[in-house]
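Per-entry structural report
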Amino acid sequence: MLQPIRSALVSVYYKDRLEPLVALLKEHGVTLYSTGGTQQFLEEQGAQVTAVESLTGFPAVFGGRVKTLHPKVFGGILHRRHEPADLAEAERHQIPPIDLVIVDLYPFEETVASGAPEADIIEKIDIGGISLLRAAAKNFRDVLVVSSRDQYQAVTELLGQKNCATDLEDRRQYAAAAFAATSHYDTAIHQYMAGAATSAAPTANEQPATPLRYGENPHQSGTFHGDLAALFDQLHGKQLSYNNLVDVDAAVLLMQEFQADGPAACAILKHTNACGVAQADTLKEAYLNALACDPVSAFGGVIIVNKPVDAATAEELNKLFFEVLIAPEFEADALPVLQSKKNRILLRQKPVELPAKQIKTLLNGVIEQDFDRATEGAADFRTVTESEPTAEEVAALEFALKVCKHTKSNTIVLARAGQLLASGVGQTSRVDALRQAIEKAKSFGFDLQGSVMASDAFFPFPDCVEIAGEAGIRAVVQPGGSIKDQDSIDACNRLGMAMVLTGVRHFKH
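Predicted, not measured: the structure shown is a model, and the values here were computed from it.

1. A look at the overall build of the protein
Across its full length, the protein carries 19 helices and 23 strands. The proportion of buried residues among the 509 residues of the protein is 50%. Contacts in the protein between residues at least 24 apart in sequence constitute 58% of all its contacts with a sequence separation of at least 6. Here the protein displays about 23700 Å² of accessible surface, and carbon together with sulfur accounts for 52% of that area.

2. With respect to the packing of aromatic side chains
Taken as a whole, this structure holds six aromatic pairs when the rule is applied. Ring geometry for Phe108 against Tyr192: centres 5.8 Å apart, planes inclined by 80°, an arrangement best described as edge-to-face. Here Phe108 is found in helix α6 (residues 108-113), whereas its partner Tyr192 is found in helix α10 (residues 168-193), with 84 residues between them in sequence. The buried category is assigned to Phe108, whose relative accessible area is 2%. Accessibility expressed as a relative area gives 17% for Tyr192, which makes it buried. Measuring from ring centre to ring centre gives 5.0 Å for Phe299 and Phe321, while their planes differ by 45°; the resulting arrangement is tilted.

3. Some points on the sheet that holds strand β5 (residues 100-103)
Taken together, five strands build an open sheet; the order of strands is β4-β3-β2-β5-β6 and the sheet is parallel. Each edge of the sheet is formed by a strand with only one pairing partner; in this case those strands are β4 (49-51) and β6 (144-146). Sheet twist, expressed as the average angle between the axes of neighbouring strands with direction ignored, equals 20°. Relative to β4, strand β3 (residues 31-34) runs parallel, the two sharing three bridges. Bridging from a neighbouring strand, Tyr33 pairs with Thr50 of β4. Packing of helix α2 (residues 36-44) onto the sheet brings it into contact with β2 (7-11), β3 and β4, and relative to β4 it is tilted by some 160°.

4. Things to note about α10
Here α10 is 26 residues long and its end C-alpha atoms lie 37 Å apart, about the 38 Å a rise of 1.5 Å per residue gives. The N-terminus of α10 is capped by Asp167, whose side-chain oxygen sits 3.2 Å from the backbone nitrogen of Glu169. Looking one or two residues beyond α10, the residue adopting positive phi is Gly195, at roughly 75°.

5. With respect to the pattern of salt bridges
Taken as a whole and judged by the stated rule, the model has 18 salt bridges. Among the salt bridges present, the one from Arg348 reaches Glu329, with a minimum N-O distance of 3.3 Å. Note that Arg348 is positioned in strand β15 (residues 345-349) and Glu329 in the loop between β14 (324-327) and α15 (335-338), a separation of 19 residues in sequence. By relative accessible area, which is 24% here, Arg348 ends up partly exposed. Residue Glu329 is classed as partly exposed on the basis of its relative accessible area of 32%. The partner of Glu466 in a salt bridge is Arg494, and the shortest N-O contact between them spans 3.3 Å. Of this pair, Glu466 sits in helix α18 (residues 463-471) while Arg494 sits in helix α19 (residues 485-495), and the two are 28 residues apart along the sequence. Taking relative accessible area as the criterion, Glu466 reaches 30% and is therefore assigned partly exposed. Taken together, the shared-partner salt bridges in this structure form one network comprising Asp16, Arg17, Arg149 and Asp150.

Rules of the game
Residues numbered from 1 in each chain as written. Predicted model: local features only at pLDDT ≥ 70, side-chain atom pairs only at ≥ 80, totals over all residues. Heavy atoms only, no water. Helix = DSSP H or I, 4+ residues; strand = E, 2+ residues; numbered from the N terminus. Buried < 20%, exposed > 50% of the residue type's maximum accessible area, 1.4 Å probe, protein only. Contact = heavy atoms within 4.5 Å. Areas by Shrake-Rupley, 256 points an atom, 1.4 Å probe, with all protein chains shown as cover. Phe/Tyr/Trp six-rings, centres within 6.5 Å; stacked < 30°, edge-to-face > 60°. Pairing = 2+ DSSP bridges. Axes fitted to C-alpha atoms, helices over the stretch in contact; angles between N-to-C directions. Expected span 1.5 Å × (residues − 1). Polar contact = N/O pair within 3.5 Å; in protein donor to acceptor, adjacent residues only side chain to side chain. Salt bridge = Lys/Arg side-chain N within 4 Å of Asp/Glu carboxyl O.

This is the structure we're talking about:
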């Protein structure tokens, strides 16, 4: 059963991204209550606002430390609409109901990270805000709670679809996210007060939570635990979906292999695997070369680059339907071109250090491992064949290995220096992965003569080398370690191919 929103309390530290939600609430005639800077912001948006002080009959005191801690505020949130006694008591004390609470918390962690003096840090311990979130989340039967600016777009879409109303499951989901936010916030304060501000990364349940439209499929619910705003500025488009986030994660990790101070680089991903990667003198050329690898799979993909997007590149990008574009910056004349598609997601990536550990649920627990940060280059290559790879082949092998490391196992990657030609992805047989890559490269018009091959793990038999040699591939990089390594080395020598070993396997499941 849908429950309409007729009144809302809005009191936020961060006002960015709030405008569309305010516009929707205005459109539906929702009564707005607010305080201080948020009230001013809402009024600048043309909204009529009742000051909390007018509701309570009591001013903010102690430099703003006490503003909303009043029975008329908390009573409006906590009284139970299905309990006649609560309704009668609210009427007797003239306590109006509050159906929606939009509150974020003072930036405590950011203040600690800034190196601010302790007096400033203590002032950023939120009291009223966290109490409002807990109250609204407790009474989710009657109240919708919005606890993060990362939720504004999703809530706006939800209320737009349901005529400014919500059902019980909507409210329960956002209540869970609010309790996750308060848990994370209290944990950060505890760690600071206990002298452990730099302790290990919090678990999922301790991080801010953003409900997603659904999970991997529409019948699965989904939530993101973390602070996306710390990593990206979203400049345009719809809310990131579960699958978008998974692909964005893979894209960010792959592009870490291509430094911003190096050649322009572009990668196009689909279902976490690269379907195009290239480096070039210009970003436009890098994008076009990446697209040429597999223009079919690129449709609806996620694209990431290591340079600011200029107008020339934007014009080419705009010809393709894609879900997400990630860049360190967008030039002013490029943005309008890319924003011409309503739902296209544009993310400006911030220089944030990512976690060192990877955690995954498994059976009735979790497993944890270090992220695979190893990247082998020419200095790590050990030539084991009669033929040495040329300088150009070494560059191509380095490039291919970077892509191979971020591709689902079993994988074979075919490349030239600065361009992915094809990859065989997620196959149960390495031979099948190679055949898939060769067939794909040929289907898009690539001549494999003189190209190179990278494998994420060793060759148990010489068949992969023999098939590669027949296709024109001239150099191979693989970790080695098979008891039959020599068979593959001998096959390379017969075919006049070069092979280098790294000693490092890069399985990815």
